[in-house]
Amino acid sequence: MHSQRSASARRRRVRRARRAFAALVVALAVVAAAMAGSLVMQSISSSAQPVGGGHDAASTGDGGDATGEAAGDLPDGATPFDEYPAITRLDPALLDALRRAATDAAAEGIEFRVNSGWRSPAHQNRLLDEAVAEYGSETEAARWVAPPEKSAHVSGDAVDLGDYDAVDWLAERGEAYGLCQVYDNEAWHFELFADAPDVGCPGKYFDPTEDPRMQ
């Protein structure tokens, strides 16, 4: 009798062990399936993410970022001698003239601060969209912001100074360096005219809408 009871108990233990093992196998299969599904979703998400920082062409205009130093943003207090892309991607002749002028101005106690220099097309597009929203129409916005394909900032041919003393100093002496104001409504905006040291700066336009380059 005792032997029969022991055999029966062993069989029960074996059945319980088998059921526990089967349950463990099922649980492991569920976990494996969940992990595989997660990896697939991560792969799909990664492949759908735009290259270059998460902005798509519709939001930035050229598939790149519209903000940040790489797009042409500058921190407050940037100088012509800093190594930001907005400075270093200016036309070399313009940058050289700007740095020479800044050096001479510093000797007189005037510091050049750069508000804007080179800008990416996406950055320029963003500024244009903001101007349209602010001024209410593309026509009015055009008095202040050019489209990327016509902007002297995008081509690296313009710089905006951020200090009135520096603007006044360069407005009076800029032609000696070939640096000239272009628009009456943007006194801070300077471009390089190579013959200005010999013939003087050209006449200014009231605003960019009068500039033939914007037509």
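Quick look at the structure, then. (Residues numbered from 1 in each chain as written. Predicted model: local features only at pLDDT ≥ 70, side-chain atom pairs only at ≥ 80, totals over all residues. Heavy atoms only, no water.)

1. A short note on the overall build of the protein
Working step 1: From N to C terminus, the protein includes eight helices and four strands.
Working step 2: The 215 residues of the protein split such that 32% are buried.
Working step 3: Long-range contacts, defined as pairs at least 24 residues apart, comprise 56% of the intrachain contacts of the protein with a sequence gap of at least 6.
Working step 4: Carbon and sulfur atoms make up 55% of the accessible area of the protein, which totals about 12700 Å². (Helix = DSSP H or I, 4+ residues; strand = E, 2+ residues; numbered from the N terminus. Buried < 20%, exposed > 50% of the residue type's maximum accessible area, 1.4 Å probe, protein only. Contact = heavy atoms within 4.5 Å. Areas by Shrake-Rupley, 256 points an atom, 1.4 Å probe, with all protein chains shown as cover.)

2. Here's the deal with the environment of Ala176
Working step 1: Among the structural elements, Ala176 can be located in the loop between α7 (164-173) and β3 (179-183).
Working step 2: Once the C-alpha coordinates of Ala176 and Ala196 are considered, the two residues, 20 residues apart in sequence, prove to be 7.0 Å apart.

3. Structural notes on the state of the cysteines
Working step 1: The final tally for this structure, using the stated rule, is one disulfide.
Working step 2: Through a disulfide, Cys180 is tied to Cys201; the S-S separation comes to 2.0 Å. Residues Cys180 and Cys201 are joined by a disulfide whose S-S torsion is about -80°; by sign, that bridge is left-handed. Of this pair, Cys180 sits in strand β3 while Cys201 sits in the segment after α8 (196-199), placing them 21 residues apart in sequence. (Disulfide = S-S within 2.5 Å.)

4. Considering the sheet that holds β3
Working step 1: Taken in spatial order, the four strands of this open sheet run β1-β2-β4-β3, and their pairing is antiparallel. Edge strands, defined here as strands with exactly one partner in the open sheet, are β1 (114-116) and β3. Between one strand and the next, the sheet's axes are offset by a mean angle of 45°, whatever the strand orientation.
Working step 2: Of the pairings in the sheet, the one linking β3 to strand β4 (residues 186-192) comprises four bridges and is antiparallel in character. Pairing of Gln181 across the sheet is with Phe190, part of β4. (Pairing = 2+ DSSP bridges. Axes fitted to C-alpha atoms, helices over the stretch in contact; angles between N-to-C directions.)

5. Observations concerning helix α5 (residues 121-135)
Working step 1: The terminal C-alpha atoms of α5 lie 21 Å apart, and with 15 residues this matches the ideal 21 Å at 1.5 Å per residue to within 8%.
Working step 2: Listing the buried residues of α5 in full gives Ala122, His123, Gln124, Leu128 and Ala131. (Expected span 1.5 Å × (residues − 1).)

6. Quick word on the packing of aromatic side chains
Working step 1: Taken as a whole, this structure holds four aromatic pairs when the rule is applied.
Working step 2: Arranged with centres 5.9 Å apart and planes meeting at 70°, the rings of Phe112 and Trp169 form a pair that is edge-to-face. Taken together, the residues Phe112 in the loop between α4 (92-106) and β1 and Trp169 in helix α7 connect sequence positions 57 residues apart.
Working step 3: In this structure Phe112 comes out as buried when scored by relative accessible area, which is 4%.
Working step 4: Here the aromatic residues Phe112, Trp169 and Tyr177 are joined through ring pairs into a cluster of three or more. (Phe/Tyr/Trp six-rings, centres within 6.5 Å; stacked < 30°, edge-to-face > 60°.)

7. A short note on the side chain of His123
Working step 1: Inspection of the secondary structure puts His123 in helix α5.
Working step 2: Here the side chain of His123 touches Asp73 through a polar contact of 3.4 Å, side chain to side chain.
Working step 3: Look past the residues within four positions of His123 in its chain and what remains in contact with it is Ala66, Ala71, Gly72 and Asp73. (Polar contact = N/O pair within 3.5 Å; in protein donor to acceptor, adjacent residues only side chain to side chain.)

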